[in-house]
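Residue-level structure breakdown
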Amino acid sequence: MRIESPRYTERFGSVRINEVQKVLELDSGRGKALPLNENIAVQKIEEDIIKDIEEEMAIVIPIKNEKLKLFEGVISGIPHDCLLIVVSNSRRKRVDRFRMEKDTLNQFCHFTHRQALIFHQKDPILAQALNEAGYTDLIGEDGLVRSGKAEGMIAATFIAMAANKKYVGFVDADNYFPGAVWEYVRCFTAGFSMAKSPYAMVRIQWRYKPKASAGMFFKKWGRVSQITNRCINSLISNKTGFETEIIKTGNAGEHAMSLKLAEMLCYASGYAVEPQELISVFEGFGGTLPMGHQAVAKHGVDIFQIETRNPHLHEEKGLEHLKNEMLLPGIGTIYHSPLCDETTKKIILTELLHADAIKAGEEPPKPRISAPLKNINLQKFRDVMAEHLSSYSALEEK
Ligand code: GDD
Ligand code: MG
């Protein structure tokens, strides 16, 4: 593929935040030597490099009661060489939706000769594996893993770690365009191929997010994203003393990390996970709080934001979901960060009041934060999960 080079990079301590880079060509042809005057503002990522990275990558698909047709389309868009990990929190009573997801995945793997794993977030064995491995932050009062997109993502990331992958990427299950899914994964690999540090993150920005209200309108920004980006940029500006608009992907659900970086970060629950990942990087490696880890500080952290060609069309989940599950907890993670200054706090409170998400005098609730993933005893986790996963996952075609 052909993509803009990182033309502008802002630094926040040892974190390098690259401006949004656009995809120029989804397929840039066979590898050929570049003419000497080739524009260095553009990079060609060779297919071999893309494939090498895909082989080292697990793609996690969190799913909760989505239409099977959409799920089927999404898995068809994940490049063949990636390890597919599906973490489901779908209904099991009356109609067993998890069973249906498993059957769909199984059939897909059977005909495409590929590897995949699927597990239910509420599986007691998962909770047992986490307990035995000493990572209890995901466990709720009922002794099972709590509900929430982040909780599923974290559990699946442990599986990617146990499978010795180098990268993990996340793709939602409710996407209408398999071609968009395919492009996200190529963008992940493009980002990792450009990274200077083994600690890297790639976040997707959609070119358009169409709305089907009155005809098709190709909208670029969602309201929640606009607010989240503004608040994160305000936090960075107030720390560095230079106003910036560098962050365009505060809520990017489609994103990927090197596992080396993923292991270092703390995670917020539910849909607050994506803004918190950035906050966690800034807290750990932004240089204003004690450095999280010397090795990371030495290499730095690379953050890429890549704008896709495909528009993003997914299921609409309603305004209450946007307000109470995404906006409020999402910018709550910024508000409660020790990095957050008074100006940014004021902006957050004003936005939340304006959106009717809090009342005057209230603050956003403190996020529930899980410990860094490296705290797990991976061998113990692997021991409990390995046998169980292979007994019911779609792995016949190994
Ligand atoms: N395993 C699991 N457990 N999956 C879940 C859960 C859960 O408790 N809750 C939701 N999911 C799955 C959904 O089925 C979907 O595949 C994905 O997580 C995202 O959830 P949506 O409900 O579709 O979220 P959204 O579309 O409003 O927001 C998405 O995009 C935002 C902007 O990029 C999410 O990915 C957000 O996290 C993201 O910020
Ligand atoms: Mg969605």
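The paragraphs below set out a description of the structure included in this document. The structure presented is a predicted model; accordingly, all values stated were derived computationally and were not measured.

**Quick word on helix α12 (residues 342–354)**
Between its first and last C-alpha atoms α12 spans 18 Å; for 13 residues at 1.5 Å apiece the expected length is 18 Å, and the two agree. Taken together, the buried positions of α12 are occupied by T344, I347, I348, E351 and L352. The buried side chains of α12 occupy one side of the element, clustering within an arc of 125 degrees when seen end-on. Set apart from the buried face of α12 by more than 90 degrees, the exposed residues are E342, K346, T350 and H354. For α12, the secondary structure elements touched by its buried residues are α7 (223–240) and α11 (319–335).

**Comments concerning unusual backbone geometry**
Across residues other than glycine, the phi torsion is negative in most instances, and most of the peptide bonds are trans. Here H113, not a glycine, exhibits a phi torsion of approximately 55 degrees, which is positive. H113 sits in the exposed class, given a relative accessible area of 54%.

**Describing the pattern of salt bridges**
Applying the stated rule across the entire model yields 20 salt bridges. The partner of E277 in a salt bridge is R203, and the shortest N-O contact between them spans 3.5 Å. Residue E277 is located in helix α9 (residues 273–285), and its partner R203 is located in strand β9 (residues 200–205); the two are separated by 74 residues in the primary sequence. Neither E277 nor R203 differs from the other in exposure class; each is buried. The partner of E351 in a salt bridge is R230, and the shortest N-O contact between them spans 2.7 Å. In this pair, E351 sits in helix α12 while R230 sits in helix α7, placing the two residues 121 residues apart along the sequence. Judged by relative accessible area, which is 10%, E351 ranks as buried. Among the residues examined, R230 registers a relative accessible area of 44% and is labelled partly exposed. Several salt bridges converge on common partners, so that one network encompasses E66, D174 and K317.

**Some points on the nonpolar core**
One finds I85, F282 and F381 to be the most contacted residues of the largest nonpolar core, which totals 75 residues. Take this core: its biggest share by element is 9 residues, from helix α5 (residues 149–162). Setting aside residues no more than four positions away along its own chain, F381 makes contact with L126, A129, L130, A133, A155, F158, I159 and I376. Grouped together as the second largest cluster of nonpolar side chains are 42 residues, I3, I63, A116 and A173 included.

**Remarks on the side chain of S28**
By the secondary structure assignment, S28 is in the loop between β3 (15–25) and β4 (42–44). From its side chain, S28 meets the backbone nitrogen of M1 in a polar contact 3.2 Å long. With residues near it in sequence (within four places) discarded, S28 still touches M1, R2, K44 and I45.

**Some remarks on the layout of surface pockets**
Of the volumes computed, that of the second largest pocket is approximately 300 Å³. Among the elements of the structure, α7 and α12 are those that each provide at least two residues to the lining of the second largest pocket. Per-element accounting of the lining of the second largest pocket gives the leading share, 7 residues, to α7.

**Observations regarding the coordination of the magnesium ion (ligand 2)**
Coordination of the magnesium ion (ligand 2) by the protein is provided by D174 (OD) and H314 (ND1), with metal-donor distances spanning 2.1 to 2.3 Å. Of this pair, D174 sits in the loop between β8 (167–170) and α6 (178–194) while H314 sits in the loop between β12 (301–307) and α11, placing them 140 residues apart in sequence. Given the relative accessible area of 5%, D174 is considered buried.

Definitions and limits used
Residues numbered from 1 in each chain as written. Chains lettered and ligands numbered in written order. Predicted model: local features only at pLDDT ≥ 70, side-chain atom pairs only at ≥ 80, totals over all residues. Heavy atoms only, no water. Helix = DSSP H or I, 4+ residues; strand = E, 2+ residues; numbered from the N terminus. Expected span 1.5 Å × (residues − 1). Buried < 20%, exposed > 50% of the residue type's maximum accessible area, 1.4 Å probe, protein only. Arc of directions from axis to C-beta. Contact = heavy atoms within 4.5 Å. Salt bridge = Lys/Arg side-chain N within 4 Å of Asp/Glu carboxyl O. Core = buried A, V, L, I, M, F, W, Y, C linked by side-chain atoms within 4.5 Å. Polar contact = N/O pair within 3.5 Å; in protein donor to acceptor, adjacent residues only side chain to side chain. 1 Å grid on protein atoms, 1.4 Å probe; cavity = no way out; pocket = protein on both sides within 12 Å on 5 of 7 lines; lining within 4 Å. Points joined across faces, edges and corners; volume = space filled by probe spheres on them. Donors = N, O, S within 2.8 Å, 3.2 Å for Na, K, Ca; no water.

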